[in-house]
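The chain contents come next:
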Amino acid sequence: MAKSAEELLIYLFDEILPKHGMNLRVKQKELSLEMLRALQENKLALCEAEVGTGKTHAYILALTVHNIYSDKKIPAVISTSTIALQKALTEEYIPQISGILLEHHVIDKPLSFVVRKGKRHYVCDSRLKIYETSIKNLQREVDANLILELARLGEQEFDRIDLDDAVLTPYVKGRINVFRYNKSCPYSLLCRFMNFKKKCMTDNFDFQITNHNYTLADLIGQKQGRKPLFPGYGAMVFDESHKLIDAARQMYSTVWDEQDAEFIVGLSEVSRRTTGMDELTVLRSQLAEYNRQIFDRLAGDLAGNHTREGSRIEIVIGSMEKIYIRHMAKALEQLPLSYQENSGQKMRMQGLKKRCQELTDKLTVFLNSGNAICWMEKRENGRLALCAVPMELEQILFHDIWSRPIPVIITSGTMSVRGDFSHFKRMTGISFAALSRIMETSKSSPFDFQSNGLLYIPERMPFPNIRDDRYIQAIMEEIVQIVSATHGHTLILFTSYWLMERVFYGLKEQLSDYPLFLMGRGRLDVISSFRRSGNGVLFASDSAGEGIDLAGDILSSLIVVKLPFPVPDPVMEYQRNQYEDFDLYRRDIIIPEMLIKLRQWFGRGIRRAGHKATQRHGRQIVQVVAAVGDIVPREAVFSHEIPQERGFFANILVDVGDFQICGAAAHGLALTPGADHHADARRARQHQPGAVLDGKFLQLIAGGVVVDAAVGHRAVHVQHQQSYHRQILSYSLRVINSTGRPAARMAPAIWAL
């Protein structure tokens, strides 16, 4: 055995792993050593590792070696954002490392793990039996396969109760999952879920694998006096940490659904007539009426059927709404007792009392909403909900997560902006930690993007207005040309479901030679069909832009229809109000969020070191990254013919009048995102010309595409008092090839502001 943990880790990378086909990757080794140092020194380690670095193996090895040399074995929690990564950890990464370490006698027993999720992801034995019996009693032939699947679920061991693996519809899963659990259940002694929970709370596992929401639920619950969801652990890993802030906003939010009060009114209904019935009727009627009044007063533009699901408006809880809220709280307090007196059902009264208390707690938040960001939104079911999130969420996250005396590895492929973690630290609350406790490292991708990647920007796109038929037609024409050039094998990422569906149905006939797939909300099953298609074309939204692996020949073309700027919402509006200068806000918030998401999107392209050019019809088709939409300049640097020679472009300098728009891209043109992405810009009648990016932009998003990039730090601001005017600016492009000599001289193009 090596004398120190560092020596053992180096030995594993240098000598052991290469014997098992895992060639030495210097950056992976360096990353793992830095993670090990963070564990030893109780640090908060920000570890950015671009695609291909091997961050997952790096932290598994660091955690394992650290535990070997620790005085006491202490489990680690690994928190992820996606089920796909959890499956990769449990089915690939951990078993692989465990087998190698066992073979070389580094460990004496396999690495163990357990996957932790919310209770509704698991089978409830009691509800399963009830539902299975009801289906059998129907005696329908169509239910034969369903009955077999239900029987299979009932026969499995306690560690096979995960409904995510079951071939069942969401409706059926909702009928048989764990809704609540208590000792009065007739299955409590033999309950597989209860036994599973007991085993999870032992220290038998090296790794407790979970998701960000479950991790935060544990921390919030402990703060509120509830029992912990995990046994004691000595280290934590947040993988896919770029999604942590989204999870935090969800978990720390209070959501008051329009239907909450309606459900309580229905639950408190009694069938028999009693002397105190009038009081109960009045309470139920008051609750429903106050609830309706509040939502009607605050709904604003969200009322009716003309607004889309997911639409949000900022709200202020006024004095009249507070009066109604207090009346609701009083009715909720009296309702359970009145119900028990009139129904005589003590058990059901307990359930009603719990529901009333939950809604009362929500009302309290909105009654004291001075320190919260409040908004109303339209849910997927078309109903309304009032939402609130603490203004000081970053400080809360620091207190709940980062102030604890355990080491934390925070890792992702996209956390920084040009190597600067300031935005990530600010948004997650890590910036409140002592500087001496924070470690930062960023490892670039080892993949040869320069030889295997091509960035293409189309000619003369209309201004990006999804209501403009000319713009939509231009998008469809570009997509047809790109898909035809790569013979399918294309992922098209949209920022709008509406535009995605419009383009998909508009191209169904023109692209009929290829299997076409439309990925709607929550339709992750489409990914598997796309993989099996061989040369399909997948029209997808943000959900396909992160966390999925499309390695190999299935993907030769990635089309970004519109740069993924954050959608203005009440939280962003609050952030905007913290800045006196809109340019600072754009620099600190808008641009970093767009860049981090865009880098994730670009990561769907080359996923393996061997993911290189393929031959089709005698010509080289290299990995294509096509940016279509609100990207300027709008003059293509090269024709639609894909060049075969390497290093076609090394540097592009774009000069516009007396200012520079920065940018450079090997094999293409620098990106300068479009305009008017924020409500303030529209209200001020001020055209915001998009990102002010330095020349390292594409190095970040594509792992080294840029060569000697030009740098510009100024942008255009065109102020108009009443309405937009069209200002035409000409610019010229000077293209320099890899030898440094001018390769082409482009004609002036038109840029409309």
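Computed from a prediction, not measured in an experiment: that's the story for all the values here.

(A) Broad picture of the environment of Leu-31. For Leu-31, the location among the structural elements is in helix α2 (residues 26-41). On the accessibility criterion, Leu-31 (0% relative accessible area) is buried. Sequence-distant contacts of Leu-31, defined by excluding residues within four places in its chain, comprise Cys-47, Ala-49, Thr-53, Lys-55, Ala-58, Thr-441 and Lys-443.

(B) Here's a closer look at the confidence of the model for the chain. Per-residue confidence for the chain gives a mean pLDDT of 77; residues scoring 70 or more make up 76%. This model gives residues 610-753 a pLDDT under 50, and the stretch forms 385 contacts once residues within four places in sequence are excluded.

(C) Looking closely at the side chain of Asp-206. Within the secondary structure, Asp-206 sits in the loop between α8 (192-200) and β4 (207-211). According to the relative accessible area criterion, Asp-206 is buried, its value standing at 12%. In this structure the side chain of Asp-206 is engaged in a polar contact, spanning 3.3 Å, whose partner is the side chain of Lys-73. Apart from residues no more than four positions distant in its own chain, Asp-206 is found in contact with Asn-67, Lys-73, Pro-75, Ala-76, Pro-110, Leu-111 and Ser-112.

(D) Spotlight on the packing of helix α21 (residues 570-577) against helix α22 (residues 582-602). Interhelical geometry of α21 versus α22 gives an angle of 130 degrees and a closest axis separation of 9 Å. Relative to α22, α21 is oriented oblique. When the axes of α21 and α22 are compared, the crossing they make is right-handed. Facing α21, whose interface residues are Met-572, Gln-575 and Arg-576, α22 presents Phe-582, Tyr-585, Ile-589 and Ile-590. Each residue belonging to the contact of α21 with α22 can be placed in one class, and the counts come to five nonpolar, one polar and one charged.

(E) Representation of the packing of aromatic side chains. Throughout the structure, instances matching the rule amount to 15 aromatic pairs. Judged by centre distance (5.6 Å) and plane angle (85 degrees), the ring pair of Tyr-214 and Phe-230 falls under edge-to-face. Of this pair, Tyr-214 sits in helix α9 (residues 212-223) while Phe-230 sits in the loop between α9 and β5 (235-238); the two residues are 16 residues apart in sequence, bridging distant segments of the chain. Phe-230 shares its class with Tyr-214; the two are buried. Look at Trp-256 and Phe-295: their rings are 5.5 Å apart centre to centre, the planes differ by 80 degrees, and that puts the pair in the edge-to-face class. On the criterion of sequence distance, the pair formed by Trp-256 in strand β6 (residues 254-257) and Phe-295 in helix α12 (residues 277-299) is long-range, its members being 39 residues apart. Each member of the pair, Trp-256 together with Phe-295, is buried. Pairwise contacts between aromatic rings join Phe-494, Phe-504, Tyr-505 and Phe-539 into one cluster. A cation over a ring is seen here: Arg-467 above Trp-498, with NZ or CZ 4.3 Å from the ring centre.

(F) Local environment of the nonpolar core. If you look at the biggest cluster of nonpolar residues, it comprises 66 residues, and the most contacted ones within it are Trp-402, Ile-410 and Leu-538. Broken down by element, the residue count for this core peaks at 10 residues, all from α22. Not counting chain neighbours up to four residues away, the residues in contact with Ile-410 comprise Leu-44, Ala-45, Leu-46, Cys-47, Phe-238, Ser-241, Trp-402, Met-415, Phe-424 and Ile-430. Phe-13, Leu-17, Phe-207 and Ile-409 belong to the second largest nonpolar core, which has 40 residues in total.

(G) Highlighting the sheet that holds strand β10 (residues 408-412). Strand order in the open sheet formed by seven strands is β3-β4-β2-β5-β10-β1-β11, with parallel pairing between adjacent strands. Looking at which strands have only one partner, the edges of the open sheet turn out to be β3 (113-115) and β11 (438-443). Neighbouring strand axes in the sheet, compared pairwise and without regard to direction, differ in orientation by 15 degrees on average. Pairing of strand β1 (residues 44-49) with β10 involves five bridges; the strand directions are parallel. Residue pairing in the sheet places Leu-44 in a bridge with Val-408 of β10. Strand contacts of helix α4 (residues 83-103): β2 (76-80), β3 and β4, with the helix running at about 155 degrees to β4, the strand carrying the most contacts.

(H) Spotlight on the side chain of Lys-378. Here Lys-378 is to be found in strand β8 (residues 372-378). By relative accessible area, which is 5% here, Lys-378 ends up buried.

(I) Broad picture of the state of the cysteines. Applying the stated criterion across every chain, the model contains zero disulfides. Left without a disulfide partner, Cys-374 is nearest to the cysteine sulfur of Cys-387, which lies 9.2 Å away.

(J) Highlighting helix α10 (residues 244-251). Within α10, burial applies to Leu-244, Ile-245, Ala-247, Ala-248 and Arg-249. Buried residues in α10 make contact with α9, β5, β9 (384-390), α15 (393-402), α16 (422-428) and α21.

(K) The arrangement of the packing of helix α5 (residues 125-138) against helix α6 (residues 144-155) in detail. For the pair α5 and α6, interaxial distance at closest approach is 10 Å and the crossing angle is 155 degrees. Taken together, α5 and α6 sit at an angle that is classed as roughly antiparallel. Of the two possible hands of crossing, α5 and α6 adopt the one that is left-handed. Note on element contacts: α6 touches α5 through Leu-146, Ile-147, Leu-150, Ala-151, Leu-153 and Gly-154, opposite Leu-128, Tyr-131, Glu-132, Ile-135 and Lys-136.

(L) Spotlight on the environment of Tyr-187. Here Tyr-187 shows up in the loop between α7 (170-176) and α8. A C-alpha to C-alpha distance of 7.0 Å links Tyr-187 and Asp-125, two positions 62 residues apart in sequence. Here Tyr-187 is in contact with Asp-125, Ser-126 and Lys-129, once residues within four sequence places are set aside.

Scoring rules and cut-offs
- Residues numbered from 1 in each chain as written.
- Predicted model: local features only at pLDDT ≥ 70, side-chain atom pairs only at ≥ 80, totals over all residues.
- Heavy atoms only, no water.
- Helix = DSSP H or I, 4+ residues; strand = E, 2+ residues; numbered from the N terminus.
- Buried < 20%, exposed > 50% of the residue type's maximum accessible area, 1.4 Å probe, protein only.
- Contact = heavy atoms within 4.5 Å.
- pLDDT = per-residue confidence, 0-100.
- Polar contact = N/O pair within 3.5 Å; in protein donor to acceptor, adjacent residues only side chain to side chain.
- Axes fitted to C-alpha atoms, helices over the stretch in contact; angles between N-to-C directions.
- Parallel < 35°, antiparallel > 145°, perpendicular 65-115°, else oblique.
- Left-handed = near helix turned anticlockwise from the far one by under 90°.
- Nonpolar A, V, L, I, M, F, W, Y, C, P; charged D, E, K, R; others polar.
- Phe/Tyr/Trp six-rings, centres within 6.5 Å; stacked < 30°, edge-to-face > 60°.
- Lys NZ or Arg CZ within 6 Å of the ring centre and 35° of its normal.
- Core = buried A, V, L, I, M, F, W, Y, C linked by side-chain atoms within 4.5 Å.
- Pairing = 2+ DSSP bridges.
- Disulfide = S-S within 2.5 Å.

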